[in-house]
Amino acid sequence: MNPENNYIEINKNSWNNRTETHLNSEFYDLDSFLNGKSSLNDIELNLLGDLQGKSILHLQCHFGQDSISLSRLGAEVTGVDLSDKAIESARKLANDVHTNTTFVCSDIYDLPNHLDKQFDIVFTSYGTIGWLPDLDQWAKVITHFLKPNGKFVFVEFHPIVWMFDDNFETVGYRYFNSGAIVETENGTYADREADITQTYVMWNHGLSEVMNSLIKNGLEINSLDEFDYSPYNCFNKTVEFEPKKYRIEHLEDKIPMVYSVVATKKSH
């Protein structure tokens, strides 16, 4: 079978395969998290603002650290992920730290069949849209779940980052979406030495594709920002130039590594 047609199953298996390694990794630092440390970064915290009493839908939440961190800030949070293993872990974590974070296991596109409410904020961040073939459908789901005048907050790795090979030495991929990219990796970004192997299917999405999908589906863009660092040390050849700020050492501050979008659902 063409991997592109079976991408949901392939990617679900890929994330199920990574989950235990991620839970045990220094990258996710579960002990500190269980002791109260937030997993959120300044970029998204500044965009989210005061969350007391707000309802948040967190798309592609992995095993729930960010969802639970949002709950700890006073929000009523529903986290969604494709991986049943990740969601199982997320529910256990929420229970362990006594938050009332809710978790739903679903493919993003299928979510309207599993969840029936609207939210003040829809949030998704870092390494999410690359797993989705169709951003028009993605934006439709966001609009569907936002209350009128609700806010969409999105932080993502910059599409320029995905043009490079793993060591950032050559441009190996198109900036623009030209169909599925099917690859197999050993280890994982959270632990490169881990004894795991998984195949996955991804798509590159340029900024215009992202912005136009949101605009076309009734969202008004309030801000678009670009950052010359990553708050995560999840790439090869990095250097930490300030606490929790990483760049590709030989590229210095020359490329954008992350971007953020805030958009509001127009009230008709």
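Just so we're clear, the structure is a prediction, and the values are computed from it rather than from any experiment. (Residues numbered from 1 in each chain as written. Predicted model: local features only at pLDDT ≥ 70, side-chain atom pairs only at ≥ 80, totals over all residues. Heavy atoms only, no water.)

*Asks:* Hey, could you go over the overall build of the chain for me, with residue numbers and the actual values?
*Replies:* A count of helices and strands for the chain gives seven helices and eleven strands. Across its three principal axes, the chain shows a C-alpha extent of roughly 45 × 45 × 40 Å. Split into buried and exposed, the 268 residues of the chain put 53% on the buried side. Contacts in the chain between residues far apart in sequence, at least 24 positions, make up 72% of those at least 6 positions apart. Total accessible area on the chain is roughly 12500 Å²; 46% of this is exposed by carbon and sulfur atoms. Between the averaged position of the 22 positive side-chain charges in the chain and that of its 40 negative side-chain charges there is a distance of 6 Å. (Helix = DSSP H or I, 4+ residues; strand = E, 2+ residues; numbered from the N terminus. Buried < 20%, exposed > 50% of the residue type's maximum accessible area, 1.4 Å probe, protein only. Contact = heavy atoms within 4.5 Å. Areas by Shrake-Rupley, 256 points an atom, 1.4 Å probe, with all protein chains shown as cover. Lys, Arg positive; Asp, Glu negative; His and termini not counted. Charge placed at Lys NZ, Arg CZ, Asp CG, Glu CD.)

*Asks:* Which residues make up the sheet that holds strand 2 (residues 76-81), and what values do they have?
*Replies:* As summarised here, the arrangement of the seven strands in space is 3-2-1-4-5-11-8, forming an open sheet in which the pairing is mixed. The open sheet terminates on both sides in strands that have one partner only, identified here as strand 3 (102-105) and strand 8 (219-227). Between one strand and the next, the sheet's axes are offset by a mean angle of 15°, whatever the strand orientation. Both strand 1 (residues 55-59) and strand 2 contribute to a ladder of five bridges, which runs parallel. Directly across from His58, in strand 2, lies its bridge partner Gly79. Running over the sheet, helix 5 (residues 84-96) touches strand 2 and strand 3 and is turned about 170° from strand 3. Seen against the sheet, helix 6 (residues 135-145) touches strand 1, strand 4 (119-125), strand 5 (146-157), strand 8 and strand 11 (258-265) and runs at an angle of roughly 140° to strand 5. (Pairing = 2+ DSSP bridges. Axes fitted to C-alpha atoms, helices over the stretch in contact; angles between N-to-C directions.)

*Asks:* Describe helix 5, with residues and values.
*Replies:* Because each turn of an α-helix spans 3.6 residues, side chains separated by three or four positions end up pointing in the same direction. Here helix 5 spans 18 Å end to end across 13 residues, near enough to the 18 Å set by a 1.5 Å rise per residue. Among the residues making up helix 5, those that are buried are Ala86, Ile87, Ser89, Ala90, Leu93 and Ala94. What you see down the axis of helix 5 is that its buried residues fit within an arc of 160°, all on one side. Projecting away from the buried face of helix 5 at angles above 90 degrees are the exposed residues Glu88, Lys92 and Asn95. Directly beyond the C-terminal end of helix 5, a positive phi value near 60° is found at His98. (Expected span 1.5 Å × (residues − 1). Arc of directions from axis to C-beta.)

*Asks:* Mind laying out the packing of aromatic side chains, listing which residues take part and the relevant values?
*Replies:* Counted under the stated rule, the structure contains 24 aromatic pairs. Ring centres 4.9 Å apart and planes at 70° place the aromatic pair Phe27 and Tyr28 in the edge-to-face group. A residue is classified by how much of its surface remains accessible, and Tyr28, at 16% relative accessible area, is buried. Plain terms: the ring middles of Phe227 and Tyr229 are 6.2 Å apart, the flat faces sit at 75° to each other, and that makes the pair edge-to-face. It is Arg72 that lies over the ring of Phe33; its NZ or CZ is 4.5 Å from the centre. Above the face of the Tyr229 ring, Lys245 is positioned so that its terminal group lies 4.8 Å from the ring centre. (Phe/Tyr/Trp six-rings, centres within 6.5 Å; stacked < 30°, edge-to-face > 60°. Lys NZ or Arg CZ within 6 Å of the ring centre and 35° of its normal.)

*Asks:* Now, about the packing of helix 6 against helix 7 (residues 207-216): what can you tell me, with residues and values included?
*Replies:* At their nearest, the axes of helix 6 and helix 7 sit 8 Å apart, and the two run at 45° to each other. Here helix 7 runs oblique to helix 6, going by the angle between their axes. The crossing of helix 6 and helix 7 is right-handed. Residues Leu135, Asp136, Trp138, Ala139 and Ile142 of helix 6 form the contact with helix 7, whose participating residues are Glu209, Val210, Ser213, Leu214 and Lys216. (Parallel < 35°, antiparallel > 145°, perpendicular 65-115°, else oblique. Left-handed = near helix turned anticlockwise from the far one by under 90°.)

*Asks:* Talk me through the nonpolar core; I want residue IDs and the actual numbers.
*Replies:* Ranked by size, the top nonpolar core spans 35 residues in total, and within it Leu57, Trp138, Ile142, Phe152, Val210 and Leu214 carry the most contacts. Broken down by secondary-structure element, the contributors of at least two residues to this core are helix 1 (7-23), strand 1, strand 4, helix 6, strand 5, helix 7 and strand 11. Broken down by element, the residue count for this core peaks at six residues, all from helix 6. Not counting residues within four places of it along the chain, the set of residues in contact with Phe152 comprises Val122, Thr124, Trp138, Ile142, Leu146, Leu214, Val261, Val262 and Ala263. Of all hydrophobic cores here, the second largest spans 28 residues; its members include Phe168, Cys234, Ile255 and Val258. (Core = buried A, V, L, I, M, F, W, Y, C linked by side-chain atoms within 4.5 Å.)

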